[in-house]
Amino acid sequence: MSTVRLHDTLTGETRPLEPLADVVGIYSCGPTVYGPAHIGNFRSFLFADLLVRHLRWRGYTVRWVMNITDVDDKIIKGAAAAGDSITDLADRYLGRFLADADTLRMARPDVLPRATEHIDEMVALIATLLEREHAYRTDDGSIFFRIASWPAYGRLARIDPEQLRVGERVEADEYAKDDVRDFALWKGPKPGEPSWSTSIGDGRPGWHIECSAMSMTHLGPTFDIHTGGVDLIFPHHEDEIAQSEAATGQPFVRTWLHCAHLQSSGTKMAKSTGNIARVAELIDAGVSPRALRYALIAVHYRAGLNHSDASLAAAGAAVDRLDALVLALDSYGEERSDDPTLSTALESARTAFRDALDDDLNISEALAALFELVRDLNRRIEARSISTADAGRALALLRELDSVIGVLPDPADDLAADLRAMLEQRADARASRDWAASDRLRDQLAARGVAVEDTRDGQRWRRIAETARG
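Residues numbered from 1 in each chain as written. Predicted model: local features only at pLDDT ≥ 70, side-chain atom pairs only at ≥ 80, totals over all residues. Heavy atoms only, no water.

S.K.: Lay out the packing of helix 11 (residues 342-358) against helix 13 (residues 388-405) with the relevant residues and their values.
M.R.: Contact pair helix 11 / helix 13: the axes reach a minimum separation of 10 Å and the direction vectors enclose 5°. Between helix 11 and helix 13, the angle is such that the two are roughly parallel. Where helix 11 approaches helix 13, its residues Leu-342, Leu-346, Arg-350, Phe-353 and Leu-357 are matched on the opposing element by Asp-390, Arg-393, Ala-394, Leu-397, Glu-400, Leu-401, Val-404 and Ile-405. (Axes fitted to C-alpha atoms, helices over the stretch in contact; angles between N-to-C directions. Helix = DSSP H or I, 4+ residues; strand = E, 2+ residues; numbered from the N terminus. Parallel < 35°, antiparallel > 145°, perpendicular 65-115°, else oblique. Contact = heavy atoms within 4.5 Å.)

S.K.: I'd like to hear about helix 13, residue by residue, with values.
M.R.: With 18 residues, helix 13 should reach 26 Å at 1.5 Å per residue; the first-to-last C-alpha distance of 26 Å fits that figure. What helix 13 keeps buried is the set Asp-390, Ala-391, Ala-394, Leu-395, Leu-397, Leu-398, Leu-401, Asp-402, Val-404 and Ile-405. Taken down its axis, helix 13 places every buried residue within 155° of arc, on the same side. Against the buried residues of helix 13 lie helix 1 (39-57), helix 9 (289-297), helix 10 (309-331), helix 11 and helix 12 (363-383). Note on helix 13: the residue one or two positions beyond its end, Gly-406, has a positive phi of about 70°. (Expected span 1.5 Å × (residues − 1). Buried < 20%, exposed > 50% of the residue type's maximum accessible area, 1.4 Å probe, protein only. Arc of directions from axis to C-beta.)

S.K.: Any details on helix 7 (residues 233-248)? Residues and values, ideally.
M.R.: Between its first and last C-alpha atoms helix 7 spans 21 Å; for 16 residues at 1.5 Å apiece the expected length is 22 Å, and the two agree. Judged by how many residues are buried, helix 7 sits mostly within the fold: 15 of 16 residues are covered.

S.K.: Mind laying out unusual backbone geometry, listing which residues take part and the relevant values?
M.R.: Looking along the chain, the bond that leaves Phe-234 and enters Pro-235 is cis, with omega of 5°. In the Ramachandran plot, Arg-158 falls in the positive-phi region, its phi being about 55° despite a non-glycine side chain. Structurally, Arg-158 is set in the loop between strand 6 (143-145) and helix 5 (168-171). The backbone phi angle of Arg-384 is positive, close to 55°, even though this residue is not glycine. Following the sequence through the fold, Arg-384 ends up in the loop between helix 12 and helix 13. Of the residues examined, Arg-384 reaches a relative accessible area of 12% and is grouped as buried.

S.K.: I'd like a rundown of the pattern of salt bridges, residues and numbers included.
M.R.: Applying the stated rule across the entire model yields 34 salt bridges. Between Arg-15 and Asp-8 there is a salt bridge, and its shortest N-O distance comes to 3.3 Å. On the basis of relative accessibility, which here comes to 26%, the residue Arg-15 falls in the partly exposed class. Judged by relative accessible area, which is 1%, Asp-8 ranks as buried. (Salt bridge = Lys/Arg side-chain N within 4 Å of Asp/Glu carboxyl O.)

S.K.: Describe the pairing of strand 10 (residues 223-229), listing the residues and the values that go with them.
M.R.: Regular strands place side chains that alternate from one sheet face to the opposite one. Counting buried positions along strand 10 yields seven of seven residues, so the element is predominantly enclosed. Alignment of strand 3 (residues 23-28) against strand 10, held across three bridges, turns out to be parallel. By the bridge assignment for strand 10, Ser-28 is matched with Thr-227. Inspection of the sheet shows strand 10 paired to strand 11 (residues 253-259) by six bridges, in the parallel sense. Within strand 11, the residue paired with Gly-228 across the bridge is His-258. (Pairing = 2+ DSSP bridges.)

S.K.: Can you lay out the pairing of strand 11 for me, pointing to particular residues and giving the numbers?
M.R.: Across the seven residues of strand 11, six count as buried, placing the element largely inside the fold. Note on the crossover from strand 10 through helix 7 to strand 11: the handedness is right-handed. (Right-handed = clockwise from strand over helix to strand, strands pointing away.)

S.K.: Lay out empty space enclosed by the protein in plain terms, naming residues and giving numbers.
M.R.: One pass over the structure, following the stated rule, counts four cavities of 30 Å³ or more. The computed volume of the largest cavity comes to approximately 70 Å³. Every residue along the wall of the largest cavity is listed here: Arg-43, Leu-46, Phe-47, Leu-50, Leu-296, Ile-297, Val-299, His-300, Tyr-301, Leu-361 and Ile-363. For the lining of the largest cavity, the elements supplying multiple residues, two or more each, are helix 1 and helix 9. At four residues, the largest contribution of residues to the lining of the largest cavity is made by helix 1. A per-class count over the lining of the largest cavity returns nine nonpolar, one polar and one charged. (1 Å grid on protein atoms, 1.4 Å probe; cavity = no way out; pocket = protein on both sides within 12 Å on 5 of 7 lines; lining within 4 Å. Points joined across faces, edges and corners; volume = space filled by probe spheres on them. Nonpolar A, V, L, I, M, F, W, Y, C, P; charged D, E, K, R; others polar.)

S.K.: Can you tell me about the sheet that holds strand 6, naming the residues and giving the values?
M.R.: What the five strands build is an open sheet, ordered 5-6-7-9-8; its pairing is antiparallel. A strand with exactly one partner marks an edge of an open sheet, and here the two such strands are strand 5 (135-137) and strand 8 (196-198). On average, each strand axis in the sheet is inclined to that of its neighbour by 40°, with strand direction left out of account. With three bridges joining them, strand 5 and strand 6 adopt antiparallel strand pairing. Paired with Tyr-136 across the strands is Phe-144, a residue of strand 6.

What follows is the structure in structure tokens.
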């Protein structure tokens, strides 16, 4: 039996998952809710979703925590521009994020902590760092982490602390500090900015301390897996390690997993470059939500992924192939003895799928195993070599594997009563050989987004996207 093995960014090793306890603790850097997330963000979120789904399928109990950053410089700026409070702005875009996540079938994390609800925990962490002299105050009331006090700084990003570049959000810190490399734990109060009155003074938290406080609150001082995009390795995750381990004296994270960028037009998808695509916009343009999910998870998380019309079309074609097989198996009927070779074929596919994902979430190999099964089952259906019961077993396996990839049609997804009635009318028309009525109802159903196919096993239907309807 294979073992789940994951590639740790910190050590560069791919090694077996050995959870600290009976529950695998996973923390994912979630959205900063100052605007709608784009699909580049969702590549990182869906990679974590795939990880969680796979571990649960493999029998692990998982506690998945994804933070919500609802106070930072961008949110403050956005709220001021919109004439909103930071709470109203954050609530609006958090709702948008959750709606997009549901559209893409992302499992809901077990905990979605908000930064503003964990100020006390951040203050306690900063107080400990001050006490241990890893942090210092400046005249304006800000508190900085002293990088010179932490010799291990730079291990995750493999950089020399003496040659540090200043990260995007560090550059934004307009506060005096002892060393340009040091980063803000707490920002002194400024007019027009939110501020909390605490035991370490008035002000608001820095970005990095938020994740340390929230992850340790919900998973403990040491936990199993931390995920995020490669852009967060430095400075964000590097800073998380330094402040967390300096405060607790314990290892912070056992395995770091980082997802490569989503590319568009040859460059990283990012709000700053304007080459972004958002979930709702793509769905409104007729892209199938399931095809979009497939496109975002179908390439190994550490490999670059390019977003294009061609990649979406390929994903749509793959989902269509799966849908067609599900429909064929669901309607299949053949009263004959079971195929004695099918159980071996199903188990071989299940094993190949499992082993691929156990190997650092090798989704490409897992999907290859899945589509080899699709080809095999289509051949058996065409040859009528399996029984009705065999078809049920094959469909059950597809549903089982889909608990990981999440792209098959929902078996609970039913048609509206009027569409169901039209399908029944069309079946009656064909039974009475009223071909004109049958064709008319087929066209009416297509106009309503339902494609109908006539097969040896009867009438099948499937939903079609807006773009496919012309």
